[in-house]
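So you can see what is in the structure, the chains are spelled out below.
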Amino acid sequence: MSRKVVIDTDPGIDDAVAILFALASPAFEVIGITTVAGNIGLTTVTRNAGRILALAGRPDIPVIAGAAAPMSRKGFDTTEIHGDDGLGGVSFPEPLAAPLGGAVEWLAETLLRHPFGSVDILALGPLTNIARLVRGHPAAAGRIGRIIAMGGAIDERGNIGPHSEFNLAADPEAADIVIRAGLPLVLIPLDVTRKVRATRDYLALLRASGVPSALVSADLIDAYFQSTTGGESRPLHDPCVMLYAERPDLFGVDGIALTVDVGDGVDAGALVRDGAGATVTVAMRVEAAAVLDLLAARLTA
Ligand code: RIB
Ligand code: CA
């Protein structure tokens with residue numbers, strides 16, 4: 001039984017692998033891709049969503065552009081990781097359909113049109129679109145089935161500040177709104193995503209299949225190897241959202257009372273364990289080998 005999902009994303013090398021996994025999995029019916037500025041600017045992430053869908057032969061899935069900037073701060077530029085085109089320079093076709101605008105309004109209309117709880121949101125970037133949905137369309141936001149978001153760090157060191165992770169640090173105010181909103185939220189933090197790692201042998205496994213989605217995913221992760229230093233493997237952050245959505249039994253979750261640092265210091269956007277905070281379901285454990293096998297199985301099918 002597949003679940004209807006909207007993917008909210010800033011593609012992005014690991015976003016692209018996550019989207020290709022979702023498109024290949026019978027667990028998901030992708031009904032739309034909403035884009036948010038994050039890894040790179042809105043025009044580029046929106047074009048990239050269309051390019052990924054063109055490669056997968058799914059130009060029927062709508063791409064809807066969302067927030068061009070965080071709610072109240074200047075965003076980050078991560079071209080040094082994701083490349084000037086946001087996809088590590090990996091070859092993709094051009095989009096086969098023009099994107100729509102107004103992602104937040106499209107999300108609200110979509111949630112109101114579908115049965116209560118029947119649409120999940122898989123969030124792979126800054127939470128700006130989701131926060132605007134909560135603020136501007138609370139009745140629609142209340143109809144979300146599950147929202148599974150890659151973001152934050154609990155005990156793991158951050159990748160922006162000492163304790164802050166990119167998606168939440170890019171828009172701390174949005175993260176604060178979403179954490180407090182009482183949504184059916186599951187957070188997938190760096191504590192889990194850094195355990196799900198692709199090695200060069202894993203890339204060889206993907207390439208041996210000759211399947212286009214697997215070949216391009218291997219090229220994307222290879223680009224990730226080129227753009228980041230050290231280590232014999234690369235973490236697959238965003239694919240963990242889809243892997244959890246399909247097989248939550250391969251993860252372990254805890255309820256953790258959290259607040260978001262919305263200050264102006266180095267750790268803006270960091271998650272803070274706080275007894276007075278909202279209790280959030282957070283994935284803290286993962287059967288890494290099993291989820292990597294699932295990812296490869298879907299991409300090479
Ligand atoms: O911290 C990892 C997150 O930041 C991922 O979503 C990656 O795509 C970047 O956006
Ligand atoms: Ca992302």
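Further up the page is the structure itself.
As a starting point, this report considers the structure included with it. These figures come from a predicted structure and were not determined experimentally. (Residues numbered from 1 in each chain as written. Chains lettered and ligands numbered in written order. Predicted model: local features only at pLDDT ≥ 70, side-chain atom pairs only at ≥ 80, totals over all residues. Heavy atoms only, no water.)

**Section: the overall build of the protein**
Move 1: Of the regular secondary structure elements, the protein holds 13 helices and 11 strands.
Move 2: Whereas a compact globule of 301 residues would reach a radius of gyration of roughly 19 Å, the protein reaches 17 Å, a difference of no more than 12%.
Move 3: The C-alpha extent of the protein, read off along each of the three principal axes, is 50 × 40 × 35 Å.
Move 4: Taking all 301 residues of the protein together, the buried fraction comes to 59%.
Move 5: Expressed as a percentage of contacts within the protein between residues at least 6 apart in sequence, the contacts between residues at least 24 apart total 82%.
Move 6: Of the accessible surface of the protein, which amounts to about 11300 Å², a share of 54% is contributed by carbon and sulfur atoms. (Helix = DSSP H or I, 4+ residues; strand = E, 2+ residues; numbered from the N terminus. Rg over C-alpha atoms; globule rule 2.2 N^0.38 Å. Buried < 20%, exposed > 50% of the residue type's maximum accessible area, 1.4 Å probe, protein only. Contact = heavy atoms within 4.5 Å. Areas by Shrake-Rupley, 256 points an atom, 1.4 Å probe, with all protein chains shown as cover.)

**Let's talk about the nonpolar core**
Move 1: Counting residues in hydrophobic clusters, the biggest one holds 63 residues, and the most contacted among them are Ile7, Phe28, Leu122, Ile188, Met242 and Phe251.
Move 2: Element by element, the count of residues in this core is highest for helix 1 (residues 13-24), at nine residues.
Move 3: Every residue in contact with Met242, bar those within four places of it in the chain, is listed here: Ile7, Ala18, Ile19, Phe21, Ala22, Phe28, Leu122 and Leu124. (Core = buried A, V, L, I, M, F, W, Y, C linked by side-chain atoms within 4.5 Å.)

**Considering the packing of helix 10 (residues 200-209) against helix 11 (residues 212-227)**
Move 1: Packing of helix 10 against helix 11 brings their axes to within 7 Å, and their N-to-C directions diverge by 155°. The angle between helix 10 and helix 11 places the two elements in the roughly antiparallel class. Viewed along their axes, helix 10 and helix 11 form a crossing whose handedness is left-handed. Here helix 10 contributes Arg200, Leu203, Leu206, Arg207 and Ser209 to the contact with helix 11, which in turn contributes Ala214, Leu215, Ser217, Ala218, Asp219, Ile221, Asp222 and Phe225.
Move 2: Of the residues contributing to the contact of helix 10 with helix 11, the split by class is seven nonpolar, two polar and four charged. (Axes fitted to C-alpha atoms, helices over the stretch in contact; angles between N-to-C directions. Parallel < 35°, antiparallel > 145°, perpendicular 65-115°, else oblique. Left-handed = near helix turned anticlockwise from the far one by under 90°. Nonpolar A, V, L, I, M, F, W, Y, C, P; charged D, E, K, R; others polar.)

**Regarding the pattern of salt bridges**
Pairing between side chains of opposite charge can happen when the charged atoms of each approach one another.
Move 1: Summed over the entire model, instances satisfying the criterion amount to 18 salt bridges.
Move 2: Between Glu109 and Arg113 there is a salt bridge, with the nearest N and O atoms lying 2.8 Å from each other. Here Arg113 and Glu109 lie together in helix 4 (residues 103-113), a separation of four residues that amounts to about one turn.
Move 3: Each of Arg200, Arg207, Asp219 and Asp222 takes part in salt bridges that share partners, so that together they form one network. (Salt bridge = Lys/Arg side-chain N within 4 Å of Asp/Glu carboxyl O.)

**Description of the site of ligand 1**
Move 1: In the neighbourhood of ligand 1, 13 residues make up the surrounding shell, with Asp14, Asp15, Leu124, Glu165 and Asp238 lying closest.
Move 2: Note that an oxygen atom of ligand 1 is positioned 2.9 Å from one of the backbone N or O atoms of Leu124.
Move 3: At 2.6 Å, a side-chain N or O of Glu165 approaches an oxygen atom of ligand 1.
Move 4: Within the complex, the protein chains bury 96% of what would otherwise be the 280 Å² of accessible surface of ligand 1.
Move 5: Taken together, the elements giving at least two residues each to the shell around ligand 1 come down to helix 1 and helix 7 (166-169).
Move 6: Residue composition of the shell around ligand 1, by class: three nonpolar, five polar and five charged. (Near = heavy atom within 4 Å. Polar contact = N/O pair within 3.5 Å; in protein donor to acceptor, adjacent residues only side chain to side chain.)

**Comments concerning the packing of helix 12 (residues 239-246) against helix 13 (residues 288-299)**
Move 1: Orientation of helix 12 relative to helix 13, taken along the N-to-C sense of each, is 95°, at an axis distance of 10 Å. Viewed along their axes, helix 12 and helix 13 adopt a mutual orientation that is roughly perpendicular. Each of Pro239, Leu243 and Glu246 in helix 12 lies in contact with helix 13, whose residues at this interface are Val291, Leu294, Leu295 and Arg298.
Move 2: Residue composition of the contact of helix 12 with helix 13, grouped by class: five nonpolar, no polar and two charged.

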